[in-house]
Protein chains: 2
Amino acid sequence: MGRSTSRLANDAWEALLTAHAVLIKQMAATDIWNELSMREYDVLYTLSKCPEPVRARELTRHVLLSQPALSRMIDRLIGRGFIARDPDPADGRGVLLSLTEQGRAIQRRVGGRHAVDIAGLVRDRLDPAELRTLEELCHKLATDHEEKTS
Amino acid sequence: MGRSTSRLANDAWEALLTAHAVLIKQMAATDIWNELSMREYDVLYTLSKCPEPVRARELTRHVLLSQPALSRMIDRLIGRGFIARDPDPADGRGVLLSLTEQGRAIQRRVGGRHAVDIAGLVRDRLDPAELRTLEELCHKLATDHEEKTS
DNA sequence: GTCATGTCCATGCATTTGCATCTATCTCAA
DNA sequence: TTGAGATAGATGCAAATGCATGGACATGAC
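Residues numbered from 1 in each chain as written. Chains lettered and ligands numbered in written order. Predicted model: local features only at pLDDT ≥ 70, side-chain atom pairs only at ≥ 80, totals over all residues. Heavy atoms only, no water.

## Describing the protein's contact with DNA strand D
Right, on to step 1. Around DNA strand D lies a shell of 21 residues, among which R57, S71, R72 and R85 of chain A together with S66 of chain B are the nearest.
Right, on to step 2. Counting only the atoms of DNA strand D that lie within 4 Å of the protein, the sugar and phosphate share comes to 61%.
Right, on to step 3. R72 of chain A is positioned such that a nitrogen or oxygen atom in its side chain is 2.5 Å from a base oxygen of DNA strand D.
Right, on to step 4. When residues of the surface near DNA strand D are traced back to their parent elements, those giving at least two are α3 (56-62), α4 (67-79) and β3 (91-99) of chain A together with α4 (67-79) and β3 (91-99) of chain B.
Right, on to step 5. A per-class count over the surface near DNA strand D returns 6 nonpolar, 5 polar and 10 charged. (Near = heavy atom within 4 Å. Polar contact = N/O pair within 3.5 Å; in protein donor to acceptor, adjacent residues only side chain to side chain. Helix = DSSP H or I, 4+ residues; strand = E, 2+ residues; numbered from the N terminus. Nonpolar A, V, L, I, M, F, W, Y, C, P; charged D, E, K, R; others polar.)

## Topic: the protein's contact with DNA strand C
Right, on to step 1. The immediate surroundings of DNA strand C are formed by 21 residues, with S66 and G92 of chain A together with R57, S71 and R72 of chain B found nearest.
Right, on to step 2. Taking the atoms of DNA strand C that fall within 4 Å of the protein, sugar and phosphate contribute 61% of them.
Right, on to step 3. The contact in question runs from a phosphate oxygen of DNA strand C to an N or O atom on the side chain of R76 of chain A, over 2.9 Å.
Right, on to step 4. In the model, a phosphate oxygen of DNA strand C is placed 3.1 Å from a nitrogen or oxygen of the R55 of chain B side chain.
Right, on to step 5. Across the surface near DNA strand C, the residue classes break down as 6 nonpolar, 5 polar and 10 charged.

## Focus: the packing of aromatic side chains
Right, on to step 1. A full pass over the atoms with the stated rule returns 4 aromatic pairs over all chains.
Right, on to step 2. Put simply, the rings of W33, Y41 and Y45 of chain A touch in pairs and so form one group of aromatic residues. (Phe/Tyr/Trp six-rings, centres within 6.5 Å; stacked < 30°, edge-to-face > 60°.)

Read these as layout, nothing more, since geometry by itself doesn't imply function.
Pasting the structure below:
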């Protein structure tokens, strides 16, 4: 009741971290990751939500990987035929990434099974109203604050 | 409004994943991780919250690392003098882990700075009531459901 | 007791990761 | 135009990770 705002913030963050870790572990324990690791799936999923080819730099912002690690993972995914990499006509330094048909197919296949697992794990711990609230709070957390200290 | 419960569950999970990734990236960007990586800090922090020595198996459940990776990370942290590992008198297979004084000191030092960062990142995105709600929902998410399908 | 089975932690080994750095390209002021 | 500085992405290399497995101990049926 009398917790300081700072304490509240740290407690909430720790709870989020724990929930994340617990659920990730349970999801990883399912047997749907034979053809694609969770990290690889994360990349394909992120790409699947982009209607147009994306810059690698943009992907780095959404995926929890360093830029070199992502660069090499893209190499591997290209090697397996799931991703296409083309030069960006608007910027000679950059590359544009997109899913191939095969990549889209495997993302859908794995994603479908993964969604079932997610629902199974989350649905019976939170009711619909709580799910909406959680989603809203997490969206607020993820919004980029402009740090104007000027 | 008309989203199915399964859809709600998946959307909420995605929002949580995004919030986690965004905040982790911002925290990693601070310059407090010179003496301890975030993963190492996670281990020391988890240990710091245990009043008594803990089994390695128990740590594996709370930290997002595989059992072999944790085993070797413990080796390194012992080598640096932050952790002590002793045989469990109650179980010849197990080991008991605890922070050394030095380990507790560095955890407190890094943890203090980290807590400031957390508060700064989280506090101005959510108000106290929202923080409490988020913490509660995440706790519910992390509770171990007994899967009684019998 | 004995043996089969399960659990805990450690280790061999190939793969992946991150840090530092490199090249190429872009931006912008003079 | 030119040159300084910033940014995008790739690569060398050491370190960390995960998977498969190994050895030690525990547990329970007989």
